[in-house]
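# Architecture and fold: a report
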2 protein chains.
Amino acid sequence: MKTQRAKPSESAVAVTGTATASSMTSYGPTALPVSGGVMEEIFATHGVAMRARRRQRLVMGAKRSDVIYLLKSGLLVLSANGSGDRRQLLTILYPGDVFSMALVPPLDGIGLVAMTDCELSRMRPSALDDSPKELREFDALLGERTAELHARSILHIARLASLSSESRVAAFILELALRTGQVVNDTVTCDLPLSRSDIADYLSLNADTLSRIMTRLKSRGAVATVGRSRAIVKSVKRLSKEVPICAATLALHGRAEGAG
Amino acid sequence: MKTQRAKPSESAVAVTGTATASSMTSYGPTALPVSGGVMEEIFATHGVAMRARRRQRLVMGAKRSDVIYLLKSGLLVLSANGSGDRRQLLTILYPGDVFSMALVPPLDGIGLVAMTDCELSRMRPSALDDSPKELREFDALLGERTAELHARSILHIARLASLSSESRVAAFILELALRTGQVVNDTVTCDLPLSRSDIADYLSLNADTLSRIMTRLKSRGAVATVGRSRAIVKSVKRLSKEVPICAATLALHGRAEGAG
DNA sequence: TGTGGACCTTGACGCGCATCAACAACCCGG
DNA sequence: CCGGGTTGTTGATGCGCGTCAAGGTCCACA
């Protein structure tokens, strides 16, 4: 096991909520970062608020337990140990996403890692046993959000399988920008909470190669960077035209789903 | 658009069920190919039976409609048009899987294609509006199966991202064997309903490369073939040891989930 | 404001896989 | 039993990306 680069220092502190929950202010449904309120309200009522710091790994209770998490703000990543000492990032979770261990295969070292400081809420569905109406709503909404997660995973498969490395990187930045960025006309600016190696692990690339590709994209004028952790997509339209799959990215991650 | 090989002749016949449903015998829950009955019973009661022939493409109603399909027997594949003229296979559906367009991103040419003759059942959840108890069960079960599909997609991402081509092929054959094959001691025999190019499109490989890899696997004694469309895994244990991720494959696709 | 360590960039080089091309095996209907 | 179309196999070749190595840059913290 020889790693030429130092491993990212990912604090493995358990964040089981009980410890930090008391330090959280509770959220009224109007203060929620995402629209669609019903699910968030259920979590606010029956769940336990918790918080995770950047680089912290969430210990998601016991295996296969029925605890469900709602991400209220921040960015989470599903991580696992690939072959050798390579880590891989399998999914990115955005605010509003609902997640549980049932959604995940039993891979070695699998779990959620916070890419930014996060606020989330933890709940077990059995908490709804005494209010059947809420339980019904919850099941239906959970199904919808799980379906959306699935669609995103499929899209990621499509990207990995059919896109050139350069297009993959472009598509990734576009997705992140659409999700978390500020839109001004056709330009989007966003933070890059993932380091270069994180991005590489997510896109199934080498960190060195990723760096080269970023340089290429910048010199071509497709994207620009401010410091290390901020990216600017110069023209969403142009990028969408260049990258074949971007239409789907726009549909899944664009501003069409807020419905508000 | 120059394809050196002839395109696979995939008949684009619409199988919307109404046409073929009358020719189907209805299935009692005891005759079902998979265990777990409740979901299958709901489909048997409220759904429409339908059938697809090998290579047929299922036209899944209108976009985003709420029709849900249950695969009763056979093998389905989620297919889309990748960049260029390359087709890509994104997921494999096995008997017992429940599927709808909500699970899928809006990719070009996306849809289900039958790899073998299939029996399925089609239903819209609104059919359950008048029996709330069934609707509750349905939502809960649907959530479970969707979660399993998601876990499988994540596993596929992990395979694509972290496995060498050879391991990918081995893992694929193992999965198929575990799902559809006959087990004798440590040996499993199964049909290969996917052609070489199908497998290549699923594993993000070139058909030529796949052929070479198969030759290598055979000469190494890991697998054997009978004719073109039948494979034998010599030793599941050995293969599992060789291929890093196979533990998860065994857990998700092995004989642990029947619970009967 | 300086210093150490993490993070990023860039070059040289080799390997693995895609591509192209030709051929062999198989399948099906006659 | 034969012929044509489909599918699978194999060789030669080139390119993209991973790997290794050597700086350069940024940031946290004192």
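It should be emphasised that the depicted structure is a prediction, and the values quoted were computed from it without experimental measurement.

In the region of DNA strand C, 20 residues are neighbours, and Arg212 and Thr215 of chain A together with Ser165, Thr209 and Arg212 of chain B sit closest. Here DNA strand C approaches the protein such that, of its atoms within 4 Å, sugar and phosphate make up 60%. Contact between DNA strand C and Ser211 of chain A: a phosphate oxygen at 3.0 Å from a side-chain N or O atom of the residue. Within the side chain of Arg212 of chain A, one N or O atom sits 2.9 Å away from a base nitrogen of DNA strand C. For the surface near DNA strand C, the elements supplying multiple residues, two or more each, are helix H5 (196-203) and helix H6 (207-220) of chain A together with helix H6 (207-220) of chain B. The biggest single contributor to the surface near DNA strand C is H6 of chain A, with five residues.

In this section: the domain arrangement of chain A. Residues and elements named next belong to chain A. In terms of domains, chain A is made up of domain 1 (18-158) and domain 2 (165-253). The centre of domain 1, based on its C-alpha atoms, is set 25 Å off from the matching centre of domain 2. Each partner contributes residues to the interface: domain 1 has 20 residues there, and domain 2 has 17 residues. Among the residues of domain 1 in contact with domain 2, Leu89, Tyr94 and Leu155 are the three that bury the most area, contributing 34% of the side total. Put simply, domain 1 and domain 2 have five salt bridges between them. A salt bridge links Arg55 to Asp198; the nearest nitrogen and oxygen atoms lie 2.6 Å apart. The interface formed by domain 1 and domain 2 contains eight residue pairs in polar contact (both at pLDDT 80 or more). When residues of the side of domain 1 that touches domain 2 are traced back to their parent elements, those giving at least two are strand S5 (87-93) and helix H3 (132-162). Residue composition of the side of domain 1 that touches domain 2, grouped by class: 10 nonpolar, four polar and six charged.

Across the contact, 38 residues belong to chain B and 38 residues belong to chain A. Roughly 3,100 Å² of surface becomes buried between chain B and chain A when both sides are summed, with 71% attributable to carbon and sulfur atoms. The largest share of the area that chain B buries against chain A comes from Arg136, His150 and Ile157 of chain B, three residues that together contribute 20% of it. Viewed at the interface, chain A and chain B are joined by two salt bridges. With its nearest N and O atoms 3.1 Å apart, the salt bridge here joins Asp139 of chain B to Arg136 of chain A. The tally of links between chain B and chain A comes to 12 residue pairs in polar contact (both at pLDDT 80 or more). Those elements that place two or more of their residues in the side of chain B that touches chain A are strand S5 (87-93), helix H3 (132-162) and helix H8 (246-253) of chain B.

Mapping one chain copy onto the other needs a rotation about an axis and a shift along that axis. Aligned on chain A, chain B shows an RMSD of 0.0 Å; the corresponding rotation is 180° and the shift along the axis is 0.0 Å. One copy is carried onto the other by what is essentially a two-fold rotation axis. Comparing contact sets, 100% of the residues at the interface of chain B also lie at the interface in chain A, consistent with an isologous, same-surface contact.

Positive phi, normally seen in glycine, also occurs at Ser204 of chain A, with a value near 60°. Locating Ser204 of chain A in the fold gives a position in the loop between H5 and H6. In this structure Ser204 of chain A comes out as partly exposed when scored by relative accessible area, which is 29%. Of note in this structure, Asn185 of chain B is not a glycine but carries a positive phi near 55°. Locating Asn185 of chain B in the fold gives a position in the loop between strand S9 (182-184) and strand S10 (187-191). Among the residues examined, Asn185 of chain B registers a relative accessible area of 75% and is labelled exposed.

Turning to helix H4 (residues 165-180) of chain B, a few remarks are in order. Here H4 of chain B spans 22 Å end to end across 16 residues, near enough to the 22 Å set by a 1.5 Å rise per residue. Counting buried positions over the 16 residues of H4 of chain B gives 14, a clear majority of the element.

Here we take up the packing of helix H4 (residues 165-180) of chain A against H5 of chain A. Packed helix pairs are characterised by how far apart their axes lie and by the angle those axes make with each other. All names here are of chain A. Packing of H4 against H5 brings their axes to within 11 Å, and their N-to-C directions diverge by 110°. It follows that H4 is roughly perpendicular to H5 by the angle criterion. Between H4 and H5 lies a crossing of right-handed hand. The residues of H5 that touch H4, namely those facing Arg168, Val169, Phe172 and Glu175, are Ile199, Tyr202 and Leu203. Across the contact of H4 with H5, the residue classes break down as five nonpolar, no polar and two charged.

Residue and element names in this part refer to chain A. Those residues of helix H8 (residues 246-253) not exposed but buried are Cys246, Ala248, Thr249, Leu252 and His253. Down the axis of H8, the buried set is contained in an arc of 150°. They therefore lie on one face. Of the surrounding elements, those touching the buried residues of H8 are H3, H4 and helix H7 (236-242).

Right, let's talk about the environment of Ser204 of chain A for a bit. Sequence-wise, Ser204 of chain A and Asp130 of chain A are 74 residues apart; in three dimensions their C-alpha atoms are separated by 45 Å. For Ser204 of chain A, the contacting residues outside a window of four places in its chain are Leu160 and Arg168 of chain A together with Ala161 of chain B. Looking at Ser204 of chain A, its side chain comes within polar contact range of the main-chain oxygen of Ala161 of chain B, at 3.4 Å.

Turning to the sheet that holds S5 of chain A, a few remarks are in order. Strand order across the open sheet formed by four strands is S2-S7-S4-S5 (chain A), with antiparallel pairing between neighbours. Both edges of this open sheet fall to strand S2 (57-58) and S5 of chain A, since each of them pairs with a single strand only. Pairing analysis gives two bridges linking S2 of chain A to strand S7 (residues 111-114) of chain A, with the strands arranged antiparallel. If you follow Leu58 of chain A over to S7 of chain A, its bridge partner there is Leu112 of chain A. Along the sheet face, H3 of chain B touches strand S4 (76-81) and S5 of chain A and points at about 140° away from the line of S5 of chain A.

Conventions we followed
Residues numbered from 1 in each chain as written. Chains lettered and ligands numbered in written order. Predicted model: local features only at pLDDT ≥ 70, side-chain atom pairs only at ≥ 80, totals over all residues. Heavy atoms only, no water. Near = heavy atom within 4 Å. Polar contact = N/O pair within 3.5 Å; in protein donor to acceptor, adjacent residues only side chain to side chain. Helix = DSSP H or I, 4+ residues; strand = E, 2+ residues; numbered from the N terminus. Domains from an automatic or database assignment. Contact = heavy atoms within 4.5 Å. Buried area = accessible area lost by both parts, 1.4 Å probe. Salt bridge = Lys/Arg side-chain N within 4 Å of Asp/Glu carboxyl O. Nonpolar A, V, L, I, M, F, W, Y, C, P; charged D, E, K, R; others polar. Least-squares fit on C-alpha atoms with pLDDT ≥ 70 in both. Buried < 20%, exposed > 50% of the residue type's maximum accessible area, 1.4 Å probe, protein only. Expected span 1.5 Å × (residues − 1). Axes fitted to C-alpha atoms, helices over the stretch in contact; angles between N-to-C directions. Parallel < 35°, antiparallel > 145°, perpendicular 65-115°, else oblique. Left-handed = near helix turned anticlockwise from the far one by under 90°. Arc of directions from axis to C-beta. Pairing = 2+ DSSP bridges.

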